[in-house]
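Commentary on secondary and tertiary structure
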Amino acid sequence: MGYAHEYADAVLHRGRVPMDPADFVPDWADAPRRGKFYPGTEAYALPVGEGAAPVAPGLLPGAPAAPAGGGFTLPLLAAMLKDSYGLTGRRLGVQANSDLPGLPLYPHANWSRGTAGGGGLYPVAVHWASGPSGPLVPGVHHYDVHHHAVRRVLTGDVTARVREALGPDAPAWARETDQYLLLGVKYWQNTFKYNSFGFHVVCTDVGTLVQSWRVWAAAHGLEAAPVFWFDEPRLNGLLGTDGEEESVFAVVPLRWAGAGRPSGAAPAGPDPAVRHRDLERSRVLIGFPTVRAMHAATAAGADVRPAPGALAAAAVGALPAGGERTVLPAPVLPEVPVRRVLRERRSSFGRFDAAQPVTPAELSAVLAACAAASLGGEGAAPEGAALTRLYVFVNHVAGIEPGAYGYEPATGELVLLVPGAQGDFLQENYFLANYNLEQAGAVVVPTVRTAAVLDAVGDRGYRIAVGTAGAVAQSFYLAASALGVGAGVALGFDNVSFVERLGLGGGDEAPLLIMPLGHERPRPADFRHEIA
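Residues numbered from 1 in each chain as written. Predicted model: local features only at pLDDT ≥ 70, side-chain atom pairs only at ≥ 80, totals over all residues. Heavy atoms only, no water.

A few points about the nonpolar core
Note the threshold: In this description, a nonpolar core means a group of buried Ala, Val, Leu, Ile, Met, Phe, Trp, Tyr and Cys residues linked to one another through side-chain atoms lying within 4.5 Å. Exposure classes here rest on a 1.4 Å probe applied to the protein chains alone. A residue is buried below 20% of its type maximum, exposed above 50%, and partly exposed in between. Numbered from the N terminus, helices here are DSSP runs of H or I no shorter than four residues, and strands are runs of E no shorter than two. Residue contacts are counted whenever heavy atoms from the two residues lie within 4.5 Å of one another.
By size, the foremost hydrophobic cluster in this structure holds 144 residues, and its most contacted members are Leu181, Leu183, Trp213 and Tyr462. Looking at this core, the element that brings in the most residues is helix H14 (residues 461-483), giving 14 residues. Those residues within four positions of Leu181 in sequence are excluded, and the remaining contacts are Leu77, Met80, Val126, His127, Trp128, Trp213, Ala250, Val251, Val252 and Leu254. Formed by 21 residues, the second largest nonpolar core is a distinct cluster that contains Ala174, Leu182, Phe230 and Val248.

Here it is in structure tokens:
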């Protein structure tokens, strides 16, 4: 049993036993940037591209697939990056977060993105390793989210070295290209706020971004599937980063339009490395021993790929037979453009209003989208299996009695576990004051058999387990956005209380998120950034 088991247990119990350092207080005046800054590099402005394809093919199981495309092009890649992680608007609505007084001040402005980020910190850095089939000079390009541009930080084709880092046993679809997106995590960008809990949060963030790309690509007849096992130190070396401070968490190969199969091995000799350095804003940086230990545990043996189908051992099964069951309507999402869905995604801090209940059809569509969520690629369970189970605390859903339910995706049923009102329980076990959970129509709680994932694929599986929860969270947001329903995702709750409430103590399911869903108060005060 590796260190990740200890960390997972500490995360599960952190609502009752604070994680060290328990007395840590973030220094907000010395916070890092929400993005990397490479001074002295030249920006290449990206086109905005198209995002008009409907969202449903990437969210709902069984939805008609978008016509298969020939592969990514520069306009398509640029549009995917902009819609998922680029800055798309300014958040200045009246809501219940504690940072509201500072938001009108430009230095404290909160810029929205299509992908959810834990605490809005966005610590994932996207680098594009592009070979000869691409539209730019071959090299490594960093995606500058603030300017929707790429900055070339290394000149020369290194994609053969990336393929070698993936290993000879990597899936064929991962090796038959010379275009790769490298997802790196800069730990300090998150741990300055969350300290030891930060490793858990960044794993969630990687999952949300991967799921945004999978949904966006599927809507355009493309695929964006991640690889999680590779020579991590080698890729860190290419990017010129220190693994303890910043490390590559996933690689997403891209099939490029018109490109043939790459050939040839990497040139002999040592790997080149990015020499440009991110200019850190913070004057004081802290390395948290727990985060460094989790990095070491999940990076050890990173190039030793588990046996095919290993994650099947961590899949969740069907709910026990029997129990009072409520059949939900068949899930349907409106065919709205994926770009609109991503750009209208937001958290409904303090804005839920039970006066308009959630409909069973709305709940059904959101639950089906969440149940279908997966990291895909090497993070997916075998076909027909799932790594997550969904529980639903019903407060105000038309025609459905309040209670705690399990969701059975195969039949579209809610199975009653705990009858009666759940609002007091939900609010008592939530740490913050930015949501009134009783006013939400329902609160969805995804669980993952985290320990089983670790047993199946080793400590590196922690990134898979928690990243999968992140993928569920992003699907939850996007389905709610498509329906025009308010949504939120929170990590600050007493996980153990939910284990007890749902009767999970005899198993290994870990509640990782709480996700309130509901209609918002009409006519909220907001800032129209698009006409300002």
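Examining the environment of Ala371
Tracing the backbone through its elements, the reader meets Ala371 in helix H11 (residues 360-372). Each C-alpha atom, one on Ala371 and one on Ala410, is 9.6 Å from the other, the two residues being 39 residues apart in sequence. Those residues in contact with Ala371 that lie beyond four places of it in its chain are Leu390, Tyr407 and Pro409.

Digging into the sheet that holds strand E5 (residues 139-144)
Basically, it comes down to this: Pairs of strands are assigned from DSSP output, requiring at least two bridges between the strands. Under this scheme, a helix contributes an axis fitted over its contacting stretch, all axes are lines through C-alpha atoms, and angles between N-to-C directions fall in the 0 to 180 degree range.
Strands sit in the order E1-E6-E5-E4-E7-E8 across an open sheet of 6 strands; the sheet is antiparallel. Edge positions in the sheet fall to strand E1 (43-45) and strand E8 (246-253), since each of these pairs with one other strand and no more. When the angles between neighbouring strand axes are averaged without regard to direction, this sheet yields 30 degrees. Both E1 and strand E6 (residues 149-155) contribute to a ladder of 3 bridges, which runs antiparallel. Paired with Tyr44 across the two strands is Val150, which belongs to E6. Docked against the sheet, helix H4 (residues 159-166) engages strand E4 (124-130), strand E7 (179-186) and E8, running at close to 70 degrees with respect to E7.

Brief notes about the environment of Trp111
By the element assignment, Trp111 lies in strand E3 (residues 110-112). By relative accessible area, Trp111 is classed as partly exposed at 32%. Between the alpha carbons of Trp111 and Arg34 there is a distance of 10.0 Å; along the sequence they are 77 residues apart.

Quick word on the pairing of E8
A regular strand places its side chains on the two faces of the sheet in alternate fashion. Of all the 8 residues making up E8, 8 are buried; the element is thus mostly covered by neighbouring parts of the structure. Pairing analysis gives 7 bridges linking E7 to E8, with the strands arranged antiparallel. By the bridge assignment, Val185 is partnered in E8 with Ser247.

Comments concerning helix H3 (residues 74-85)
Cut-off, in case you're wondering: By this rule the span expected of a helix is its residue count minus one, scaled by 1.5 Å.
Taking 1.5 Å as the rise per residue, H3 with 12 residues should run 16 Å; its terminal C-alpha atoms sit 16 Å apart, in good agreement. The element H3 is extensively covered by neighbouring structure, given that 11 of its 12 residues are classed as buried.

Considering the packing of helix H1 (residues 3-12) against helix H13 (residues 450-457)
Applied cut-off: Throughout, the term roughly parallel applies to angles under 35 degrees, roughly antiparallel to angles over 145, roughly perpendicular to angles from 65 to 115, and oblique to all others. The classification used treats Ala, Val, Leu, Ile, Met, Phe, Trp, Tyr, Cys and Pro as nonpolar, Asp, Glu, Lys and Arg as charged, and all other residues, Gly among them, as polar.
Remark: H1 packs on H13, axes separated minimally by 10 Å, with the N-to-C direction vectors making an angle of 170 degrees. In terms of axis orientation, H1 runs roughly antiparallel to H13. Each of Ala4, His5 and Ala8 in H1 lies in contact with H13, whose residues at this interface are Thr450, Ala451, Leu454 and Asp455. Here the residues of the contact of H1 with H13 are counted per class, giving 4 nonpolar, 2 polar and 1 charged.

Thoughts on the environment of Thr388
Assignment of secondary structure puts Thr388 in strand E10 (residues 388-394). The residues touching Thr388, leaving out its near neighbours within four places in the chain, are Val316, Thr447, Val448, Thr468 and Val472.

What about helix H15 (residues 495-502)?
An α-helical turn contains 3.6 residues, so a residue and the one three or four places further along point in the same direction. Most of H15 is tucked away, with 6 of its 8 residues classed as buried. Of all the residues in H15, the buried ones are Asn495, Val496, Ser497, Phe498, Val499 and Leu502. The positive-phi residue at the C-terminal boundary of H15 is Gly503, with phi of around 70 degrees.

A look at the side chain of Ser475
Along the chain, Ser475 turns up in helix H14. The contact partners of Ser475, leaving out residues within four places of it in the chain, are Leu59, Gln211, Ala369, Cys370 and Ala373.

Description of the pairing of E10
Of all 7 residues making up E10, 7 are buried, and the element is well covered by its neighbours. Side chains of E10 alternate between two faces, with Thr388, Leu390, Val392 and Val394 and Arg389, Tyr391 and Phe393 buried alike. Sheet topology places E10 next to strand E11 (residues 403-408); 4 bridges connect them, and they run antiparallel. Within E11, the residue paired with Phe393 across the bridge is Ala404.

A closer look at the pattern of salt bridges
The following threshold applies: Salt bridge, as used here, is a side-chain nitrogen of Lys or Arg placed within 4 Å of a carboxyl oxygen of Asp or Glu.
Summed over all chains, the structure comprises 24 salt bridges. For Asp83, the salt bridge identified is with Arg339, shortest N-O distance 2.8 Å. Here the residue Asp83 occupies a position in helix H3, and Arg339 occupies one in helix H10 (residues 338-343), the gap between them amounting to 256 residues. Looking at Arg339, the relative accessible area reads 15%, which means it is buried. In this structure, the salt-bridge partner of Glu378 is Arg305, at a minimum N-O distance of 2.4 Å. Within this pair, whereas Glu378 is found in the loop between H11 and E10, its partner Arg305 is found in the loop between helix H9 (289-299) and strand E9 (325-327), the two being separated by 73 residues in sequence. Residues joined by salt bridges that share partners form a network here, namely Arg161, Glu164, Arg234 and Asp271.

Some remarks on the packing of aromatic side chains
The criterion, for reference: Pairing of aromatic rings covers Phe, Tyr and Trp, the last through its six-membered ring, and needs centres within 6.5 Å; plane angles under 30 degrees mean stacked, over 60 mean edge-to-face, and all others mean tilted. Over a ring means this: the NZ of a Lys or the CZ of an Arg is within 6 Å of the ring centre and within 35 degrees of the ring normal.
The tally for this structure, following the rule as stated, stands at 20 aromatic pairs. Taken together, Tyr7, Tyr187, Phe199, Phe249 and Tyr462 form an aromatic cluster joined through their ring pairs. The ring of Tyr85 has Arg113 lying over it, and the distance from NZ or CZ to the ring centre is 5.0 Å. Residue placement shows Arg501 over the ring face of Phe425; its charged tip is 4.5 Å from the ring centre.

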